[in-house]
Amino acid sequence: MLMCWCTCTKAEQIGGLNYSLNPEKHTAMVNRYNRWDGDLEIPSHVTYEDSVYTVIAIEGSAFSGCNTLTRVRIPSTVMAIGERDYKNPFNECVNLEAIEVDSCNEWMCSVDGVLFNRDTTQLWCYPAGAKQEKYVFPESVTWIGASAFSGNSYLKELSLPDRINHISSCAFYGCKGLESLTLPSGLTYISASMCREMSSLRSVTIPSSVKGMGEYAFGWCTSLESIVLPEGLNSLVGETFYNCTSLKSVELPSTCSVTEAMFYKCSALTDVKISNGVKVISSSAFAHCTSLRILDIPASVSYMGYYLFTGCKLDAIVIRGTLELSKTSRLIFKDLDTSTPIYTLPSQVSAIKEIYAGPVYSLDKYNEHSNIPQTAKADINQGSFYDLNGRKVDVPQEGIYIIKGKKVILK
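Presented here is a report on the structure given in the accompanying data block. Only a predicted model underlies this, so the values are computations on that prediction, with no experimental measurement involved.

### So, the pattern of salt bridges
Now for step 1: The final tally for this structure, using the stated rule, is 12 salt bridges.
Now for step 2: The salt bridge involving Lys 131 is made with Glu 97; its shortest N-O contact spans 3.1 Å. With Lys 131 in the loop between β12 (122-125) and β13 (134-136) and Glu 97 in the loop between β8 (80-81) and β9 (98-101), this pair connects stretches of sequence that are 34 residues apart.
Now for step 3: Its relative accessible area of 40% is what places Glu 97 among the partly exposed residues.

### With respect to the packing of aromatic side chains
Now for step 1: According to the stated counting rule, one finds 19 aromatic pairs in the structure shown.
Now for step 2: Relative to Phe 241, the ring of Phe 218 lies with its centre 5.7 Å away and its plane at 10°, an arrangement referred to as stacked. Taken together, the positions of Phe 218 in the loop between β20 (212-213) and β21 (226-228) and Phe 241 in the loop between β22 (235-236) and β23 (249-252) put the pair 23 residues apart, joining distant regions of the chain.
Now for step 3: Overall, the relative accessible area of 0% leaves Phe 241 in the buried class.
Now for step 4: The positively charged end of Arg 196 is found above the aromatic ring belonging to Tyr 216, 4.9 Å away from the centroid.

### Describing the sheet that holds strand β18 (residues 189-190)
Now for step 1: Reading across the sheet, the three strands line up as β18-β20-β22 and stay open at both edges, with parallel pairing between neighbours. On the outer flanks of this sheet lie β18 and β22, each paired with one strand and no other.
Now for step 2: With two bridges connecting them, β20 and β22 associate as parallel partners. Bridge pairing in β22 places Gly 212 opposite Ser 235.

### Side note on the side chain of Arg 196
Now for step 1: Position of Arg 196 relative to the elements: it lies in the loop between β18 and β19 (203-205).
Now for step 2: Take Arg 196: its relative accessible area is 17%, and that puts it in the buried class.
Now for step 3: Residues in contact with Arg 196, not counting those within four places in the same chain, are Phe 172, Tyr 173, Gly 174, Tyr 216, Ala 217, Gly 219 and Trp 220.

### Considering the sheet that holds β21
Now for step 1: Overall, parallel pairing links the three strands, which are arranged β21-β23-β24 in an open sheet. Looking at strand neighbours, the two that pair on one side only are β21 and β24 (271-274), the edges of this open sheet. Strand-to-strand, the axes of this sheet are offset by a mean angle of 10°, without reference to chain direction.
Now for step 2: One ladder, built from three bridges, connects β21 with β23; its direction is parallel. Pairing of Val 228 across the sheet is with Glu 251, part of β23.

### A look at the environment of Val 280
Now for step 1: Looking at the element boundaries, Val 280 is found in strand β25 (residues 280-281).
Now for step 2: Since its relative accessible area comes to 26%, Val 280 is described here as partly exposed.
Now for step 3: Taking the C-alpha atoms as reference, Val 280 lies 5.2 Å from Ser 257; in sequence the two are 23 residues apart.

### Observations regarding the environment of Asn 95
Now for step 1: Structurally, Asn 95 is set in the loop between β8 and β9.
Now for step 2: Along the sequence, Asn 95 and Ile 14 sit 81 residues apart, while their C-alpha atoms lie 24 Å from each other.
Now for step 3: The contacts of Asn 95, once residues within four sequence positions are left out, are Asn 67, Leu 69, Thr 70 and Gly 129.
Now for step 4: Here the side chain of Asn 95 touches Asn 67 through a polar contact of 2.6 Å, landing on its backbone oxygen.

### Remarks on unusual backbone geometry
Now for step 1: Despite not being glycine, Tyr 33 has its phi angle at roughly 65°, a positive value.
Now for step 2: In this structure, Tyr 33 sits in the loop between β3 (27-30) and β4 (38-41).
Now for step 3: Of note, the phi angle at Arg 84 is positive, near 55°, even though the residue is not glycine.
Now for step 4: Within the secondary structure layout, Arg 84 lies in the loop between β8 and β9.
Now for step 5: Classification of Arg 84 by relative accessible area gives exposed; the value is 69%.

### Concerning the side chain of Thr 310
Now for step 1: In this structure, Thr 310 sits in the loop between β27 (303-304) and β28 (316-319).
Now for step 2: A residue is classified by how much of its surface remains accessible, and Thr 310, at 15% relative accessible area, is buried.
Now for step 3: Of note is the side chain of Thr 310, whose polar atom sits 3.5 Å from the backbone oxygen of Lys 334.
Now for step 4: Once residues lying within four places of it in the same chain are set aside, the contact partners of Thr 310 are Ala 287, His 288, Lys 334 and Asp 335.

### Overview of the pairing of strand β6 (residues 51-58)
Now for step 1: Where β3 meets β6, four bridges bridge the pair, whose relative direction is parallel. Note on β6: the bridge partner recorded for Thr 27 is Thr 54.
Now for step 2: Summarising the sheet, strand β5 (residues 45-48) and β6 pair through four bridges and their orientation is antiparallel. For Tyr 48, the partnering residue across the bridge sits in β6 and is Ser 51.
Now for step 3: Note that β6 and β8 share two bridges and pair parallel. Bridging across to β8, Ala 57 finds its partner in Ala 80.

What counts, and at which threshold
Residues numbered from 1 in each chain as written. Predicted model: local features only at pLDDT ≥ 70, side-chain atom pairs only at ≥ 80, totals over all residues. Heavy atoms only, no water. Salt bridge = Lys/Arg side-chain N within 4 Å of Asp/Glu carboxyl O. Helix = DSSP H or I, 4+ residues; strand = E, 2+ residues; numbered from the N terminus. Buried < 20%, exposed > 50% of the residue type's maximum accessible area, 1.4 Å probe, protein only. Phe/Tyr/Trp six-rings, centres within 6.5 Å; stacked < 30°, edge-to-face > 60°. Lys NZ or Arg CZ within 6 Å of the ring centre and 35° of its normal. Pairing = 2+ DSSP bridges. Contact = heavy atoms within 4.5 Å. Axes fitted to C-alpha atoms, helices over the stretch in contact; angles between N-to-C directions. Polar contact = N/O pair within 3.5 Å; in protein donor to acceptor, adjacent residues only side chain to side chain.

Written out as C-alpha cells, the structure reads:
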C-alpha cells in the first residue's frame, strides 16, 4: 500500500519525472502521467530547493500507456508500488521489455524481468513488451495483480498453476496472442475485465471452484466460440460476454442469473441452454443477438428485464413459467421483430398479448408449430392461403395457414 502522504505534499517535476514530495519527512513518490523515451533508472534520491528527498514509492499509474519506455530499474529505497491489488505502474507500456530491481530492495524483486513482491508470492507486472511466447510461473506465486499482463501481445502460451487462488481485475486485458486459457482449480472469482479484449482467445476452461464473475470478464473476446459455465456459479455482474461476436453456444447453470447485457451483441450466438433453476433474465441480456433462433426459458424464470431482444428476430421464444408483469412490461419485447412467435402458459397468453404486438400462442402449440415448415412473405404467391378454420385469406399476415393442403408458418 502507498505511504500516507500529509496535506503539505506537493507535486513537482524533477529530472524529467513527476514527483509528490513530502517536505516534513523528506520522502518522494514517483507520481502519475510520466513519459519517458528508452531506458529509465529511477533515482533513489532527488534534490529540490536544496533539500534531498528519498524516493520510497511509485504511484499505481505512474507510467501507464508510456509507449516509448523500454527498460526500468527500481532502486533499493522504493518500498511501495500502487495500492491494494493494483501494483502495475507500467500498464500497457507496449515496448517495455524488462523491469529490474536493486538486489538490496527489501520489498520487491525482479525475476527474468518480471516484477514481484520480495518473496515472489505476488506477480505485479509482466512487461507488455516482453517478447517470449511462453511464460512459466515461479512455484511460489499464488496471486496475480491487477493489469499484471495487460497489453502483452506476444504471449501465446500461459500455464496457470492450480496454486494461484487470486487473479485481479484486468489481469490479461488485451493479451491478443493467447488462444486458450485454463484457469486454476482454486480460483473462486473471475474479476472484472480479467480476460477483456483477448481477441485471439478461442477457448477457456473455468473450474468448478468459480462462484462469481465481474463485469466485462470476457468482453470483446471476439474469437471465443463456446463456453461452459460451472454449476454453483451464482454471482455475476452484467456484460460478462459483451460483444463476443464469435460465441455460438453457452450453457447457463441452474445457480446463476442471466445478468444485464450479458450477451449483448453476441451476433453469432445460436444455442443458449438456460437450466431450470435460473430465476432472473435481466435487461438487454440478448439484445442484438441476431443469429439466435429459439430461446427456451424454463419455468423457474419469474422475472424478465426490459429490451431483452432489441434487434432480434427469432423463430420462437418459449416462456414456460409465470412472469411478474406490470404496465411497463411491454418494454421486455421492445424492438423485437414482431414476426417472432411467443409460446407461453395458457393462463398467460392474454397478458402477453397486451404487451407484445406479435403472435402469442399457448405452450401446447409449440411442439405442433415447431414441426410445421416455414415460408417467407416473398413466397406469398405460391398458392391460396386458408386460415385454420378453412376460410380463404386474401392478404395473409404472419401466422399459421393452410396452403395446398399443408400447414405452413408465414414469417
